[in-house]
Amino acid sequence: MSQLDKQAHQRLQYLATLFERHPDGMVVTDAANRIVEVNPAFTQITGYAAEAVIGQDPGMLSAGHTSPETYAEMWQALRSEGCWQGEFWDRRADGNIYPKSVSIALVRDAAGEVSHHVAIFRDTSERKSAADQIFQLTHNDALTGLINRTTAESQLDQMLTSARRDGGLVAVILLDLDNFKQFNDTLGHAVGDGLLVQIASRLRDSVRASDVIARLGGDEFLIIAPDIDNAMSVSAIASKIRRSLAEPHQIDSHLLYATATIGISLFSSDGDDAETLIRNAETAMYKAKSLGRDTFKFFAATMNAAAHERLKLENALRLALEETTLQYAPQFRVHFQPQMDITTGRITGLEALARWQAPEFGMVPPSTFIQIAEETGLIQPLGDWIFWEACRQLRAFKDQGVTDMRVAVNLSTQQLRNENLPAVVRGALACYGLSPTELELEITESVAMHNPELTKAILGQLHELGIVLAIDDFGTGYSSLSYLKHLPIHRLKIDRSFVRDITSNHDDVAICSAIIVLGHELGLDIIAEGVETEPQRDYLKRLNCDLLQGFLYSKPLPAEEVVDFLRRWNSQFDD
Ligand code: C2E
Ligand code: MG
Ligand code: MG
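What you see is a predicted model; the values in this text were computed from it and never measured.

1. A word on the overall build of the protein
Here's step 1: What the protein contains, in helices and strands, is 22 helices and 22 strands.
Here's step 2: Principal-axis analysis of the C-alpha atoms gives the protein an extent of 145 × 55 × 45 Å.
Here's step 3: The buried share of the protein, reckoned over its 575 residues, is 46%.
Here's step 4: Partitioning the intrachain contacts of the protein with sequence separation of at least 6 by distance along the chain shows that 61% fall at a separation of at least 24.
Here's step 5: Only carbon and sulfur atoms are counted for the fraction: they give 52% of the accessible area of the protein, which is about 28800 Å².
Here's step 6: For the protein, the distance from the average site of its 52 positive side-chain charges to the average site of its 78 negative ones is 2 Å.

Here is the structure:
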């Protein structure tokens, strides 16, 4: 053998070894694309012995998933470039489908004609499923469609960045179902899975759209609430979630009752980064579990004391409301504070102010219980009751000879959102035989500003009924006058805070004077609240205020003292 022949022989030997031993599948086809040779890895991957495929077209391996365009592209590249790389879906001898990555090269003979095709391929199903898994792991929980822990942590970090910038409060709420294992063990995993899916959707419905919900694994969920007003409103969120989960769950033929234990941490007091906040929420949750499930705990002990008080108040409010609406020992009362007309000196209006005398707590200020009622949805029945009670009392005052008197009732955010409000108002007026002009409704400036379109629509309906509308606590809500101009209102109530220092603070004088002048320009009445002293009264008179309300004239009075007070007051003007 010549030296050259020897080298060529050696080369053939190591190429043959490569062909035999290489872990990738290899196929050689002839000019007509018939298989002439395959290696052992081919058999291992495809399940076909060499004898079964020799002489066949490699198309026999196809799973039928590859588009004709891909094949056309492949042949085009082979003709022009001599090689092609890509992906196919093939079918093994046992029928299973798998993805493979393939490189094909053309072999030309001395005359330049195509003599063979050589293909080398690798089964990529493992790599694909790993990639799929990684995708799932880093994005969504396959069962509930919620995001998972990794994604939640990164979203929380983003929220913390903006909270740091804007000084906002972020709540991290960790929720673990109680005794979930029992559902799985006794009713099977399909039922357990069904319950988790339903819980995920209840969570979605009980939080704001801007809140983030994640499933951390098993029966553990995470809710991240950015832009929290105050720490106490977090306990309102937790209560709402617990109430929503407590409704029975229909899963297949089973009616299941689920409870959850919740741990809460707050940015920035309980941690400065996502990991710490989630860990502290977890610690709080485990502490709550150890104290008996179906409850929630804050990470910070001081918050727990406050939340406990609030929860007690919330439960008492619920109970008080039940008793009141059943007309059984009402704990609520409506008091009335007189409003004086500066030009005539007469009392022409009464502001209805709610009072709650709670057996365990004593007198609870409305600023506290109205807020709780708002957060828990109890404001609807409570607000309706206050409204009907105010109308009922006005009827009683009139029956005792009171004339030319209007009652002003405060409306909260939620009440204004209720589309039934005009119907409730019409109903009460009709029931007590009152005219719409005897009724005034007060909404605070911040409420009016909060949802301008809705406010405008509802106020429009009330205005058409003929009811007087007032903007309460005016001057605190930064409303633009151009906006006010579009609302069908009749009256502005200057906030107490401006009246308080009117005799000593030049800014407050300027503000009161501007409100009065601009209000009059817009054809509105101006009433000042919180008038306690004669100097305050004189100042407001000089500024041309129309009506005054405050302790100087009277504190809010129980209904049974109103008629006497009005008789005494207005008798000064009788001749
Ligand atoms: P508001 O509507 O601005 O009511 C006026 C508040 O100022 C009342 O407090 C009243 O007692 C108090 N006030 C009246 N004159 C004076 C005064 O000369 N000096 C001082 N320092 N205070 C005076 P109250 O009754 O504690 O009510 C507080 C707030 O709670 C009310 O502010 C109102 O926003 C809300 N509220 C009260 N009753 C109801 C209600 O029935 N429904 C709704 N939605 N909110 C209510
Ligand atoms: Mg008011
Ligand atoms: Mg006010």
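2. Let's talk about empty space enclosed by the protein
Here's step 1: Scanning the entire structure with this criterion turns up two cavities of 30 Å³ or more.
Here's step 2: Looking at the largest cavity, its volume works out to about 50 Å³.
Here's step 3: What lines the largest cavity is simply T413, L416, R417, V447, H450, N451, L454 and T455.
Here's step 4: Looking at the lining of the largest cavity, the elements with two or more residues in it are α14 (413-417), α16 (445-450) and α17 (452-465).
Here's step 5: Here the lining of the largest cavity gets three residues from one element, more than from any other, and that element is α14.

3. Examining the coordination of the magnesium ion (ligand 2)
Here's step 1: The coordination sphere of the magnesium ion (ligand 2) contains the protein donors E351 (OE), N410 (OD1), E442 (OE) and D472 (OD), at a distance range of 2.0 to 2.2 Å.
Here's step 2: A separation of 4.1 Å is found between the magnesium ion (ligand 2) and the magnesium ion (ligand 3), which are bridged by D472. Residue N410 is located in strand β16 (residues 406-411), and its partner D472 is located in strand β18 (residues 468-474); the two are separated by 62 residues in the primary sequence.

4. Some details on the coordination of the magnesium ion (ligand 3)
Here's step 1: Coordination of the magnesium ion (ligand 3) by the protein involves D472 (OD), D473 (OD), E529 (OE) and E529 (OE), with metal-donor separations of 2.0 to 2.5 Å.
Here's step 2: In terms of primary sequence, the donors binding the magnesium ion (ligand 3) are separated according to D-D-x55-E.

5. Quick word on helix α7 (residues 180-187)
Here's step 1: For α7, the full list of buried residues reads F180, F183 and N184. Projection of α7 onto a plane perpendicular to its axis shows the buried side chains occupying an angular sector of 95°, all on one side. Exposed and oriented more than 90 degrees from the buried face of α7 are K181, Q182, D185 and T186.
Here's step 2: Phi for G188, located one or two positions after α7, is positive at around 100°.

6. Considerations on the packing of aromatic side chains
Centre-to-centre distance and the angle between the planes together describe a pair of aromatic rings.
Here's step 1: Applying the stated criterion across every chain yields a total of 13 aromatic pairs.
Here's step 2: Ring geometry for Y71 versus F88: centroids 5.3 Å apart, planes at 35°, classification tilted. Here the residue Y71 occupies a position in helix α4 (residues 68-81), and F88 occupies one in strand β3 (residues 83-91), the gap between them amounting to 17 residues.
Here's step 3: Residue classification places Y71 among the partly exposed positions, given a relative accessible area of 26%.
Here's step 4: On the basis of an interplanar angle of 80° and a centroid distance of 5.2 Å, the ring pair of F336 and F397 is categorised as edge-to-face.

7. Digging into the sheet that holds strand β2 (residues 35-38)
Note: strands within a sheet are paired through backbone hydrogen bonds, in either parallel or antiparallel orientation.
Here's step 1: Spatially, β2-β1-β5-β4-β3 is the arrangement adopted by the five strands of the open sheet, whose pairing is antiparallel. Every other strand in the sheet has two partners, leaving β2 and β3 as the edge strands with one partner each. Recorded for the sheet is a direction-independent mean angle of 25° between the axes of neighbouring strands.
Here's step 2: Pairing geometry for strand β1 (residues 25-30) and β2, over three bridges, is antiparallel. By the bridge assignment, T29 is partnered in β2 with I35.
Here's step 3: Along the sheet, α4 contacts β3, β4 (97-108) and β5 (114-123); its crossing angle with β3, the most-contacted strand, is approximately 150°.

8. Quick notes on the pairing of strand β6 (residues 170-177)
Here's step 1: Counting buried residues along β6, eight of its eight residues qualify, which places the element largely inside the surrounding structure.
Here's step 2: In β6, alternate side chains face the same way, and those of V170, V172, L174 and D176 on one face and A171, I173, L175 and L177 on the other are all buried.
Here's step 3: In this structure, β6 lies alongside strand β11 (residues 260-267), joined through eight bridges in antiparallel fashion. Each bridged residue has a counterpart across the sheet, and for L177 the counterpart in β11 is A260.
Here's step 4: Strand direction decides the pairing type here: β6 and strand β8 (residues 220-225), joined by six bridges, are antiparallel. The residue bridging L174 from the neighbouring strand is L222, located in β8.

9. With respect to a nonpolar patch on the surface
Here's step 1: Nonpolar side chains collect at one region of the surface, where Y14, L15 and L18 lie side by side and expose about 310 Å² of accessible area between them.
Here's step 2: Here L15 is to be found in helix α1 (residues 3-21).

10. A few points about the domain arrangement of the protein
When the parts come together, some accessible area is lost, and that loss is often what is quoted as the size of the interface.
Here's step 1: Looking at the assigned domains, one finds that the protein contains domain 1 (3-124), domain 2 (140-299) and domain 3 (317-569).
Here's step 2: Here the C-alpha centroids of domain 1 and domain 3 sit 87 Å apart.

Here is what the cut-offs are and how they apply
- Residues numbered from 1 in each chain as written.
- Chains lettered and ligands numbered in written order.
- Predicted model: local features only at pLDDT ≥ 70, side-chain atom pairs only at ≥ 80, totals over all residues.
- Heavy atoms only, no water.
- Helix = DSSP H or I, 4+ residues; strand = E, 2+ residues; numbered from the N terminus.
- Buried < 20%, exposed > 50% of the residue type's maximum accessible area, 1.4 Å probe, protein only.
- Contact = heavy atoms within 4.5 Å.
- Areas by Shrake-Rupley, 256 points an atom, 1.4 Å probe, with all protein chains shown as cover.
- Lys, Arg positive; Asp, Glu negative; His and termini not counted.
- Charge placed at Lys NZ, Arg CZ, Asp CG, Glu CD.
- 1 Å grid on protein atoms, 1.4 Å probe; cavity = no way out; pocket = protein on both sides within 12 Å on 5 of 7 lines; lining within 4 Å.
- Points joined across faces, edges and corners; volume = space filled by probe spheres on them.
- Donors = N, O, S within 2.8 Å, 3.2 Å for Na, K, Ca; no water.
- Arc of directions from axis to C-beta.
- Phe/Tyr/Trp six-rings, centres within 6.5 Å; stacked < 30°, edge-to-face > 60°.
- Pairing = 2+ DSSP bridges.
- Axes fitted to C-alpha atoms, helices over the stretch in contact; angles between N-to-C directions.
- Patch = residues over 30% accessible without salt bridge, like charges linked within 9 Å, V, L, I, M, F, W, Y side chains within 5 Å.
- Salt bridge = Lys/Arg side-chain N within 4 Å of Asp/Glu carboxyl O.
- Domains from an automatic or database assignment.

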